[in-house]
Amino acid sequence: MNWLRRQREGFLENWYSIDGVLLFISLCVIYIVMFLLKRMLIIDNIAAFEILQERGEMWVFDLFFGLTYLSVPIFLAWKFAFTTLAIWMGSFMFGYRITFAQLWKLVMICELIFIVAEICKIGWFTVIPQDMDYQDYQAFYPLSVMNLVNYADVPGKWHYPFKSLNLFELVYWMMLIIGVFWISGKRLKISLYVVTTSYVFLFFLWLTYYVLAHRS
């Protein structure tokens with residue numbers, strides 16, 4: 001218990017005390033840098049894109065990638081708001097008095113695990129020599145269910161769910177559970193219930209809807 005108490009105090013002092021606005025801006029910048037690195041180190045080296053570059057027809061994809069960079073803050077804000085709202089409602093149902101602002105900051109801190117996933121993806125395609133096309137790149141997500149199968153044999157509607165079910169997502173759930181536990185100062189068991197009955201439940205509900213809504 002003393003160890004847990006020290007860990008909780010360290011989290012609240014060293015991590016949770018950081019400025020929320022600065023953290024959000026930092027996450028946006030990191031993701032944009034990651035997209036740029038993937039563009040320069042991976043996508044530009046795919047044969048099909050090299051041909052488009054030679055023909056001068058790459059401007060369409062340049063426009064698409066440019067819009068992707070601009071959409072990063074909007075996407076992250078939507079993702080954080082959805083996750084925070086889900087856990088906040090779960091906390092309310094179990095009688096936890098945690099504010100929306102407290103959970104928002106927690107969700108942003110936990111997002112760092114997906115930064116690690118992006119680094120792993122860049123490392124995989126840049127360090128390990130391989131002949132690939134854009135579909136190979138799109139279908140890959142490190143330590144996911146998709147890596148256990150041949151994506152070409154999997155119907156398209158299962159690609160996103162198979163990539164979403166990965167080790168980083170599991171670690172994300174654990175980080176949320178521990179974070180709720182540390183912020184609330186309540187029992188770990190209840191924090192587990194809060195996260196699994198809110199965010200995790202909605203996560204699987206969304207994957208189910210995605211599969212049912214896609215025919216291919």
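First, a word on what this report is: a plain description of the structure on this page. None of these values were measured; they are calculated from a predicted model. (Residues numbered from 1 in each chain as written. Predicted model: local features only at pLDDT ≥ 70, side-chain atom pairs only at ≥ 80, totals over all residues. Heavy atoms only, no water.)

### Let's talk about the packing of aromatic side chains
For any pair of aromatic rings, the description rests on two quantities: the centre-to-centre distance and the angle between the ring planes.
(1) Moving on: Evaluated as defined, the whole model comprises 20 aromatic pairs.
(2) Moving on: Look at Phe125 and Phe140: their rings are 5.1 Å apart centre to centre, the planes differ by 80 degrees, and that puts the pair in the edge-to-face class. Highlighted residues: Phe125 in helix H6 (residues 112–127) and Phe140 in the loop between helix H7 (134–139) and helix H8 (159–164), separated in sequence by 15 residues. Neither Phe125 nor Phe140 differs from the other in exposure class; each is buried.
(3) Moving on: Put simply, the rings of Phe114, Tyr172, Trp173, Tyr199, Phe203 and Phe204 touch in pairs and so form one group of aromatic residues.
(4) Moving on: Lys121 extends its terminal NZ or CZ atom over the ring of Tyr137, reaching a point 4.4 Å from the ring centre. (Phe/Tyr/Trp six-rings, centres within 6.5 Å; stacked < 30°, edge-to-face > 60°. Helix = DSSP H or I, 4+ residues; strand = E, 2+ residues; numbered from the N terminus. Buried < 20%, exposed > 50% of the residue type's maximum accessible area, 1.4 Å probe, protein only. Lys NZ or Arg CZ within 6 Å of the ring centre and 35° of its normal.)

### What to know about the packing of helix H2 (residues 20–41) against helix H5 (residues 100–110)
(1) Moving on: Close contact between H2 and H5 brings their axes to 10 Å; oriented N to C, the two are set at 30 degrees. For the element pair H2 and H5, the recorded crossing hand is left-handed. Counted together, Gly20, Leu23, Phe24 and Leu27 of H2 and Lys105, Met108 and Ile109 of H5 form the full contact between these two elements. (Axes fitted to C-alpha atoms, helices over the stretch in contact; angles between N-to-C directions. Left-handed = near helix turned anticlockwise from the far one by under 90°. Contact = heavy atoms within 4.5 Å.)

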